[in-house]
Amino acid sequence: MVRVGLVMLQGARHIHVETLERAAQEAGIELELHELRTDADLFESRPEAFVLPGGESTTMRLTGGVDGSGLLPALFAWLRADPELPVLGTCAGVILLADPQDGGAPLIDSTVDRNAYGRQQDSFQSELEISGIGDSGTFSGVFIRAPRFAEISANDTVVAKHRDEVVGVRNGARLALTFHPELSGDTTFHRWLLEAVLLRATA
Ligand code: GLN
């Protein structure tokens, strides 16, 4: 049984539910999925892994910040307290991890530039090379007003590339992808998250 907390503040969250369920089924793992909207949701469910979906980071900060539901500051403190907790951050989720704006340290060491590909019409889908996650190979990456990595930290391992550009890194148990892995029908990254919890339990 793996308890996953999915941040449900805004954005591309519902497809993550389907993708996690499919990943769990494929891996033969029993999934207990908790939808997180408030800090109380986090404290009650105590997830063993987290998904921070894409969407609009500004809206997420408003709905989940100290003047909103309080989820984000509670989550960031929770993640800092246990750096080994597996996390999958995608697109806007990466922006939050890199720049939590709660007065604490960033949750990944690489930095990102928001909306660095341009406007909504500059969104695109392209084949990526992935490595070190699942079976290395190609993955169909969907980029929607995506951020771009500005500086890749020496602490981070590159897991996804679009041509020569890094679009996914792993910082220990935290995976940060600038694209939307839930939109391509491929469960590789969600499966990695579930399996990371089990690996941790047996380590
Ligand atoms: N442009 C969004 C932001 O700045 C991110 C886009 C996405 O998550 N698809 O938050």
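Criteria and thresholds
Residues numbered from 1 in each chain as written. Predicted model: local features only at pLDDT ≥ 70, side-chain atom pairs only at ≥ 80, totals over all residues. Heavy atoms only, no water. Near = heavy atom within 4 Å. Polar contact = N/O pair within 3.5 Å; in protein donor to acceptor, adjacent residues only side chain to side chain. Areas by Shrake-Rupley, 256 points an atom, 1.4 Å probe, with all protein chains shown as cover. Nonpolar A, V, L, I, M, F, W, Y, C, P; charged D, E, K, R; others polar. Pairing = 2+ DSSP bridges. Helix = DSSP H or I, 4+ residues; strand = E, 2+ residues; numbered from the N terminus. Axes fitted to C-alpha atoms, helices over the stretch in contact; angles between N-to-C directions. Contact = heavy atoms within 4.5 Å. Phe/Tyr/Trp six-rings, centres within 6.5 Å; stacked < 30°, edge-to-face > 60°. Buried < 20%, exposed > 50% of the residue type's maximum accessible area, 1.4 Å probe, protein only.

Draft legend 1. Spotlight on the site of the ligand. The environment of the ligand is made up of Gly54, Gly55, Glu56, Ser57, Cys91, Ala92, Ile95, Arg114, Asn115, Ile144, Arg145 and His180. Between the ligand and the protein, one listed contact pairs an oxygen atom with a backbone N or O atom of Ser57 at 2.7 Å. At 2.9 Å, a backbone N or O of Ala92 approaches an oxygen atom of the ligand. Within the complex, the protein chains bury 98% of what would otherwise be the 300 Å² of accessible surface of the ligand. Classifying every residue of the shell around the ligand by side-chain character gives 4 nonpolar, 5 polar and 3 charged.

Draft legend 2. Spatial organisation of the sheet that holds strand β10 (residues 165-171). Strand order across the open sheet formed by 9 strands is β2-β1-β3-β4-β11-β10-β9-β6-β7, with mixed pairing between neighbours. The open sheet terminates on both sides in strands that have one partner only, identified here as β2 (31-36) and β7 (137-143). Each strand axis lies, on average, 20° off the axis of its neighbour in the sheet, ignoring direction. In this structure, strand β3 (residues 49-52) lies alongside strand β4 (residues 87-90), joined through 3 bridges in parallel fashion. Residue Phe50 lies in a different strand from β4, and its bridge partner there is Val87. This element, helix α1 (residues 14-27), spans β1 (2-7), β2, β3 and β4 of the sheet and lies at about 165° to β2.

Draft legend 3. Geometry of the packing of aromatic side chains. All told, the structure shown has 8 aromatic pairs when counted by the stated rule. With centroids separated by 5.2 Å and ring planes inclined at 65°, the aromatic side chains of Tyr117 and Phe124 adopt a geometry described as edge-to-face. What makes Tyr117 buried here is its relative accessible area of 15%. When its relative accessible area of 24% is taken as the criterion, Phe124 is described as partly exposed. Ring plane angle 70° and centroid distance 5.8 Å describe the contact between Phe179 and Phe189, whose orientation is recorded as edge-to-face. Residue Phe179 is found in the loop between β11 (174-177) and α6 (188-202), and its partner Phe189 is found in helix α6; the two are separated by 10 residues along the sequence. Accessibility expressed as a relative area gives 0% for Phe179, which makes it buried. Exposure remark for Phe189: the relative accessible area of 0% places this residue in the buried category. Pairwise contacts between aromatic rings join Tyr117, Phe124, Phe139, Phe143, Phe179 and Phe189 into one cluster.

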